[in-house]
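Listed below, chain by chain, are the residues.
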Amino acid sequence: MFRRSELDHRPSVQIFVDGAAVAAREGDTVSAALLASGRDVRRLTAVSGAPRLPYCMMGVCFDCLVTIDGVGNRQGCLVPVAEGMQVELQKGKREIGR
Amino acid sequence: MTMPRRDAYDVVVIGAGPAGLAAATTAAEAGLSTLLLDENAGPGGQVFRAIAATPVTDRKQLGADYWVGADLVQALRATSAEVIHRATVWSLDRNLEIGVSIGGASAFVKARRVILATGALERPFPIPGWTLPGVMTAGAAQTMLKASALVPDGRTVIAGQGPLLWLLAAQILRLGGRIDRILDTTERRNYFAALPHAFAFLTSPYFAKGLALMREVRAKVPVVSGVSELVAAGDGQLATVSYVAGGRRETMYADLLLLHQGVVPNVNLAMAAGVEHRWDEMQLCWSPVLDADGHSSVAGIAIAGDGAGIGGAGAAVVRGRIAARAAVEALAPASAAKLAQMAALRADLAHAERGRVFLDSLFRPAVQFRIPSGDTIVCRCEEVTAKDVLDSVAIGATGPNQLKAYRRTGMGPCQGRLCGLTVTELMAEARAKTPQEIGYYRLRAPVKPITLAELASVPSTEDDVKAVVRG
């Protein structure tokens, strides 16, 4: 859906998506890194289980919700990636305590 | 994460887009203690997104209008204003107390003046299939392009109308991205409605720039005008885009559909603070009621930038300066002398707003793209359809607040940002009332979700504890 322009020379940052290593770039948000990864990064909604991807990328739609380093329902489009960050795609409702 | 250094400031500015950058700079230059809080990782807001960090460093690619933002950031950095990014303001009240979440912890700061510069968001574009993965806003693609040099790769369709659509298309093409087709939804009758305002537009800076952009894009991408119907379809992923233009229906395969039909004020924080808003029949959105200095109905709260009504980045900068100058006049009148005169700022604003009425008339979104029907989703969070809303009206729901009890619209995580305008217009039409009569959701803090643990760990005074503990 998206690819990185060859103009982009930012240093790479490794994050993990459901345990798999993904190469992001310094300054990417989690959502941008997920969309650039080429992986299936759809979440499933809490209401009907419908698949979604980020819609607005600017903090208003909440379709980018992910679990980041164990904290659920974070807006992936507002959180910059960090080395070693653990991202989990949300499938349906969150469990209590996460 | 840095927390605010003080617990009270002369001026707190919320949002570091064009208006917020200008307002904070002006306030700090006059010697007022100034705090700028912003939700993003760096300054710029949406228009100047990633201005201090973009990997797209060849200035021709994002264009001169983008790089204006670099000067604003430089001017701010030359002042003593305190700037905190990744700071989410979740509460603002009539006492000008601000609740802000930074790095998972919350703090409260007091302000003598608050300048809200929370900008705009893209108008909802509720067509069938708009929740499918692969359907995004044009602004989303532009955000990724500016901040991460990401460009559309698969079969890409851009649909809608407005200046941003053409700018985005040009930027994607300059970076080597792919666009298969542009579907222009501008209604033909809008050209006639806009005509009386054409003179101001022709003599505004928008005209030459807009024409050049459209020429650049049309040379490379087929553009279909007069699109009157739009459907995204697919099974769990966008597969096709269907449209009707000139009475003919076409269906094409697509991996990515980028939607855009203008921007509207981001009202959540202002409304939650109790600022009075009115329905703007020209821009088809809620706008705060403001005086010439940007002052709202709540004493001490001013609004600048697109949150004050859509005026574009140039106007936002000037509105930021006006609101900040007014704050300086009120708090430290002697310091106002070193700032630009109010009369000069008002002349700048008139210049920056030139051509806006033409754009508003030309790019007024068509009713069928604002007011959906049938199974089209209205509320993305709670997955409520247009039919669900109309059924609720039929059994007694009178407005958006009652509808919450029937269908939970606006009660999901986005708090109505993506459904509010649609719900108001849909219910107004169904009940034969004006949007002003129908009203909007009653918004409350927290305007962004925070964890209970974070709320519980907010430091409390002895009085706070006494207020809720018995005995």
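Here, every reference points to the structure presented above.
Residues numbered from 1 in each chain as written. Chains lettered and ligands numbered in written order. Predicted model: local features only at pLDDT ≥ 70, side-chain atom pairs only at ≥ 80, totals over all residues. Heavy atoms only, no water.

Asks: What exactly am I supposed to notice about the overall build of chain A here?
Replies: Across its full length, chain A holds one helix and eight strands. The N-to-C order of helical and strand elements in chain A reads β-β-β-α-β-β-β-β-β. In terms of overall size, chain A behaves like a compact globule, its C-alpha atoms giving a radius of gyration of 13 Å where 98 residues would be expected to give roughly 13 Å. Dimensions of chain A, computed from C-alpha atoms along their principal axes, come out at roughly 40 × 25 × 20 Å. Residues counted as buried form 52% of the 98 residues belonging to chain A. Pairs at least 24 apart in sequence give 43% of the contacts found in chain A among residues at least 6 apart. Total accessible area computed for chain A in this model is approximately 4,100 Å², and 51% of it derives from carbon and sulfur atoms. Once the 13 positive and 11 negative side-chain charges of chain A are each reduced to a mean point, those two points are 6 Å apart. (Helix = DSSP H or I, 4+ residues; strand = E, 2+ residues; numbered from the N terminus. Rg over C-alpha atoms; globule rule 2.2 N^0.38 Å. Buried < 20%, exposed > 50% of the residue type's maximum accessible area, 1.4 Å probe, protein only. Contact = heavy atoms within 4.5 Å. Areas by Shrake-Rupley, 256 points an atom, 1.4 Å probe, with all protein chains shown as cover. Lys, Arg positive; Asp, Glu negative; His and termini not counted. Charge placed at Lys NZ, Arg CZ, Asp CG, Glu CD.)

Asks: Can you help me understand the interface of chain B and chain A in this one?
Replies: How large an interface is tends to be reported as the accessible area lost when its parts come together. Contact residues are listed per partner, giving 51 residues for chain B and 37 residues for chain A. Interface area, chain B with chain A, both sides summed: about 3,600 Å², of which 60% is carbon and sulfur. Among the residues of chain B in contact with chain A, L150, R380 and E383 of chain B are the three that bury the most area, contributing 15% of the side total. Applying the counting criterion to the chain B and chain A interface returns two salt bridges. For R3 of chain A, the salt bridge is made with D153 of chain B, and the minimal N-O distance between the two is 3.6 Å. Our count for the chain B to chain A interface comes out at 15 residue pairs in polar contact (both at pLDDT 80 or more). Elements with a contribution of two residues or more to the side of chain B that touches chain A: β7 (120–122), β8 (135–137), α4 (138–148), β9 (150–152) and β16 (256–261) of chain B. No other element matches α4 of chain B, which puts seven residues into the side of chain B that touches chain A. Grouping the constituent residues of the side of chain B that touches chain A by class yields 27 nonpolar, 14 polar and ten charged. (Buried area = accessible area lost by both parts, 1.4 Å probe. Salt bridge = Lys/Arg side-chain N within 4 Å of Asp/Glu carboxyl O. Polar contact = N/O pair within 3.5 Å; in protein donor to acceptor, adjacent residues only side chain to side chain. Nonpolar A, V, L, I, M, F, W, Y, C, P; charged D, E, K, R; others polar.)

Asks: What exactly am I supposed to notice about the sheet that holds strand β8 (residues 86–89) of chain A here?
Replies: Hydrogen bonding along the main chain pairs the strands of a sheet, whether they run parallel or antiparallel. Residue and element names in this part refer to chain A. Read from one edge of the open sheet, five strands run β3-β2-β8-β6-β7, paired in mixed fashion. Only two strands of the sheet have a single partner each, and these edge strands are β3 (20–25) and β7 (71–75). Geometrically, the sheet is characterised by an average inter-axis angle of 40° between neighbouring strands, direction not taken into account. Two strands pair when backbone bridges link them, and strand β2 (residues 12–17) and β3 are joined in this way by six bridges, in the antiparallel orientation. Bridge pairing in β3 links V17 to A20. (Pairing = 2+ DSSP bridges. Axes fitted to C-alpha atoms, helices over the stretch in contact; angles between N-to-C directions.)

Asks: Would you mind showing me how to read the side chain of D184 of chain B here?
Replies: Residue and element names in this part refer to chain B. Tracing the backbone through its elements, the reader meets D184 in strand β11 (residues 181–184). Buried and unpaired, D184 has no salt bridge, with R218 as the nearest side chain of opposite charge at 4.8 Å. In terms of polar contacts, D184 uses its side chain to reach the side chain of T186, at 2.6 Å. Once you skip the residues sitting within four places of it in the chain, D184 turns out to touch G160, Q161, W166, V223, V224, S225, G226 and V227.

Asks: Explain the sheet that holds strand β14 (residues 240–245) of chain B to me, please; I cannot follow it from the model alone.
Replies: Residues and elements named next belong to chain B. The strand order β13-β14-β15 describes an open sheet built from three strands, whose pairing is antiparallel. A single partner strand is all that each edge strand has here, and the edge strands are β13 (227–233) and β15 (248–253). Strand after strand, the sheet turns through a mean of 15° between neighbouring axes, direction not considered. Two elements, β13 and β14, share six bridges in a ladder whose sense is antiparallel. Bridge assignment links V231 to a residue of β14, and that residue is S242.

Asks: I would appreciate a short explanation of the packing of helix α1 (residues 18–29) of chain B against helix α3 (residues 64–77) of chain B in the present structure.
Replies: When two helices pack together, their arrangement is given by the angle between the helix axes and by the axis-to-axis distance. Residues and elements named next belong to chain B. Two elements in contact, α1 and α3, have axes separated by 9 Å at closest approach and are oriented at 30°. Classified by the interaxial angle, the pair formed by α1 and α3 is roughly parallel. As for how α1 packs across α3, the hand of that crossing is left-handed. Residue-level inspection shows P18, L21, A24 and T25 of α1 in contact with α3, the latter providing L72, V73, A75 and L76. The residue inventory of the contact of α1 with α3, partitioned by class, reads seven nonpolar, one polar and no charged. (Parallel < 35°, antiparallel > 145°, perpendicular 65-115°, else oblique. Left-handed = near helix turned anticlockwise from the far one by under 90°.)

Asks: Looking at this structure, how should I read the packing of helix α14 (residues 386–394) of chain B against helix α15 (residues 400–407) of chain B?
Replies: Residues and elements named next belong to chain B. It is at 10 Å that the axes of α14 and α15 come closest, and there the two elements cross at 105°. What the angle tells us is that α14 and α15 run roughly perpendicular. Contacts between α14 and α15 pair D388, V389 and S392 from the former with L403, Y406 and R407 from the latter. Taken together, the residues of the contact of α14 with α15 break down into three nonpolar, one polar and two charged.

Asks: In this structure, what is going on with the state of the cysteines? I would like to understand it.
Replies: Every disulfide links exactly two cysteines, by a covalent bond between their sulfur atoms. Using the criterion set out here, one finds zero disulfides over all chains in the structure. Its sulfur unpaired, C77 of chain A is 3.9 Å from the next cysteine sulfur, which belongs to C64 of chain A. (Disulfide = S-S within 2.5 Å.)

Asks: Please clarify how the environment of S392 of chain B should be interpreted in this entry.
Replies: Residue and element names in this part refer to chain B. Mapped onto the secondary structure, S392 falls in helix α14. Separated by 62 residues in sequence, S392 and E454 have C-alpha atoms that sit 36 Å apart. Beyond its immediate chain neighbours, meaning those up to four positions away, S392 contacts A397, L403, Y406 and R407.

Asks: For this particular structure, what's the right way to read unusual backbone geometry?
Replies: Trans peptide bonds make up the majority, and among non-glycine residues the majority have a negative phi. Residues and elements named next belong to chain B. Here the amide bond leading from A445 into P446 is cis, since omega sits at -5°, within 30 degrees of zero. Residue placement: P446 occurs in the loop between α17 (435–438) and α18 (452–456). Phi is positive for A50, which is not a glycine, with a value near 60°. Residue position: A50 is located in the loop between β2 (34–37) and α2 (59–62). One non-glycine residue, A432, adopts positive backbone phi at about 50°. Given a relative accessible area of 73%, A432 falls into the exposed group.

Asks: Would you mind showing me how to read helix α5 (residues 163–174) of chain B here?
Replies: Because the α-helix completes a turn every 3.6 residues, residues three or four places apart line up on one side. Residue and element names in this part refer to chain B. Look at α5: 17 Å from first C-alpha to last across twelve residues, which is about the 16 Å you get at 1.5 Å a residue. The complete set of buried residues in α5 reads L165, W166, L168, A169, A170, Q171, I172 and L173. Within two residues after α5, G176 carries a phi angle of roughly 85°, on the positive side. (Expected span 1.5 Å × (residues − 1).)

Asks: I keep staring at the packing of aromatic side chains and nothing clicks. Help me out?
Replies: Where two aromatic rings form a pair, the distance of their centres and the angle of their planes describe that pair. Residues and elements named next belong to chain B. If you walk through the whole model with that rule in mind, you get nine aromatic pairs over all chains. Aromatic rings pair up to connect W279, W286, Y440 and Y441 into one cluster. Directly above the aromatic system of Y9 lies the positively charged group of R6, at a separation of 5.4 Å from the ring centroid. (Phe/Tyr/Trp six-rings, centres within 6.5 Å; stacked < 30°, edge-to-face > 60°. Lys NZ or Arg CZ within 6 Å of the ring centre and 35° of its normal.)

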